[in-house]
Amino acid sequence: MLSFSDNDIDSPTHDFVFLMDSSSDLSGPDFYQEIVFVKALARKLNTDVSPSEFKAAAIAYGENHYPVVLFDGYNSMPEFYSAIDSSRYQGGARRMDRALDAASKMMLSREPTSKKTVVLLTGGRNSQDAALDAIDRSVERLKQMGANIIIVAFGNKYDVRELLPAVQQEQDIRPVPRASDLNSYINLIVSYITSGPGGKQ
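As the structure is a prediction and not an experimental result, all values here were calculated from the model.

The rules behind each value
- Residues numbered from 1 in each chain as written.
- Predicted model: local features only at pLDDT ≥ 70, side-chain atom pairs only at ≥ 80, totals over all residues.
- Heavy atoms only, no water.
- Helix = DSSP H or I, 4+ residues; strand = E, 2+ residues; numbered from the N terminus.
- Buried < 20%, exposed > 50% of the residue type's maximum accessible area, 1.4 Å probe, protein only.
- Lys, Arg positive; Asp, Glu negative; His and termini not counted.
- Salt bridge = Lys/Arg side-chain N within 4 Å of Asp/Glu carboxyl O.
- Polar contact = N/O pair within 3.5 Å; in protein donor to acceptor, adjacent residues only side chain to side chain.
- Pairing = 2+ DSSP bridges.
- Axes fitted to C-alpha atoms, helices over the stretch in contact; angles between N-to-C directions.
- Contact = heavy atoms within 4.5 Å.
- Core = buried A, V, L, I, M, F, W, Y, C linked by side-chain atoms within 4.5 Å.
- Phe/Tyr/Trp six-rings, centres within 6.5 Å; stacked < 30°, edge-to-face > 60°.
- Lys NZ or Arg CZ within 6 Å of the ring centre and 35° of its normal.
- Parallel < 35°, antiparallel > 145°, perpendicular 65-115°, else oblique.
- Left-handed = near helix turned anticlockwise from the far one by under 90°.
- Nonpolar A, V, L, I, M, F, W, Y, C, P; charged D, E, K, R; others polar.

> Hey, could you run me through the side chain of D172 in this one?
Its place among the elements puts D172 in the loop between α7 (160-163) and β6 (173-176). Buried within the structure, D172 lacks any salt-bridge partner; R174 is the closest side chain of opposite charge, at an N-O distance of 6.3 Å. Separated by 3.3 Å, the side chain of D172 and the backbone nitrogen of Q168 make a polar contact. Polar side-chain contacts of D172 include one of 2.5 Å to the side chain of Y192.

Written out as structure tokens, the structure is:
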């Protein structure tokens, strides 16, 4: 299994895919908090990683998913933030497995040597309609690409045991008490992403 240091090699870009939970058991205000969070997270990562290296895409997911912004869908960070602002609330059951699979397809278009990080936001459990091993299977390609997967789990409805197959270690699941608290955890999450498991937490 790859560690952050294994993926931390000289490369042209550090590619991020943000997966935004817009399933029906989240309120509109909770989804708005995710929008605010993703913009702030991208702004901070763009500074800390380096504007010349930072590249990002985003997906909103519920039972289905759609690309909010593609890697080649913006020419400046203001355009990226505008696309995130335009995110549509999806509704329906929560299918994290489908969102992670979509993220792997997005990452396939990137340079093999680029650093790759997926940030999955979730406010609860995966749909009962999904297979029990759906999350595990959905991350296989991402792990083969050496991608790091960070899960930002907010609220109290998610199940850590369900999320563990997606990550390298339990610390990669970053708990946040409520959606309204997301923004106050920006620095901690960015520090964890950029420093890795051995860095500040």
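> Explain the pattern of salt bridges here, please?
This structure, assessed with the given rule, holds 12 salt bridges. For R94, the salt bridge is made with D21, and the minimal N-O distance between the two is 2.6 Å. Of the two residues, R94 is situated in the loop between α3 (77-85) and α4 (96-108) and D21 in strand β1 (residues 14-21); the sequence distance between them amounts to 73 residues. Grouping residues by exposure puts R94 and D21 together as buried. Ionic pairing is found between K44 and D48, a salt bridge with its closest N-O pair at 3.7 Å.

> Help me out: how do you make sense of unusual backbone geometry in this one?
As a rule of thumb, non-glycine residues mostly have phi less than zero, and peptide bonds are mostly trans rather than cis. A positive phi angle is found at S50, which is not glycine, with a value near 120°. Along the chain, S50 falls in the loop between α2 (28-49) and β2 (54-61).

> So what exactly am I meant to see when it comes to the sheet that holds strand β3 (residues 65-69) here?
Two modes of strand pairing occur in sheets, parallel and antiparallel, and in both the strands are linked by backbone hydrogen bonds. Taken in spatial order, the 6 strands line up as β3-β2-β1-β4-β5-β6 in an open sheet, and their pairing is mixed. A strand with exactly one partner marks an edge of an open sheet, and here the two such strands are β3 and β6. Strand-to-strand twist across the sheet, computed as the mean angle between neighbouring axes with direction ignored, equals 20°. Relative to β3, β2 is paired through 4 bridges, and the arrangement is antiparallel. The residue bridging Y61 from the neighbouring strand is H65, located in β3. Here α3 sits on the sheet and contacts β1, β2 and β3; the angle it forms with β3, its principal contact strand, is near 150°. Packing of helix α8 (residues 186-195) onto the sheet brings it into contact with β1, β4 (115-122), β5 (148-154) and β6, and relative to β5 it is tilted by some 165°.

> For this particular structure, what's the right way to read the nonpolar core?
Among soluble globular proteins, nonpolar side chains are generally buried collectively. By size, the foremost hydrophobic cluster in this structure holds 39 residues, and its most contacted members are F18, F37, L41, L45, F80 and I84. Elements supplying a minimum of two residues to this core: β1, α2, β2, β3, α3, β4, β5 and α8. Of all hydrophobic cores here, the second largest spans 27 residues; its members include L100, L120, I151 and I173.

> Honestly, the packing of aromatic side chains in this entry has me stumped. Any pointers?
Here a ring pair, both rings aromatic, is described through the centre-centre distance and the interplanar angle of the planes. Enumeration over the complete set of coordinates arrives at 5 aromatic pairs. With a centroid separation of 5.4 Å and 35° between ring planes, the pair formed by F16 and F54 is classed as tilted. Here F54 lies in strand β2 and F16 lies in strand β1, a separation of 38 residues in the sequence. What makes F16 buried here is its relative accessible area of 0%. By the ring-pair criterion, three or more aromatic residues cluster together here, those being F16, F18 and F54. Above the ring of Y66, the side-chain terminus of R88 is found at 3.9 Å from the ring centroid. Here R110 stacks its cationic end above the ring of F71, 4.3 Å away from the centre of that ring.

> Please clarify how the packing of α2 against α8 should be interpreted in this entry.
Helix-helix packing is described using two parameters, namely the angle between the two axes and the distance between the axes. At a minimum axis distance of 10 Å, the contact between α2 and α8 shows a crossing angle of 45°. Here α2 is positioned oblique relative to α8, judged by the angle of their axes. Taken as a pair, α2 and α8 cross one another with a handedness that is right-handed. Together, F37, A40, L41, K44, L45, D48 and V49 of α2 and I186, N187, I189, V190, I193 and T194 of α8 make up the contact between the two elements. Looking at the contact of α2 with α8 residue by residue, the class counts come to 9 nonpolar, 2 polar and 2 charged.

Note that all results are geometric; they support no functional claim without further evidence.
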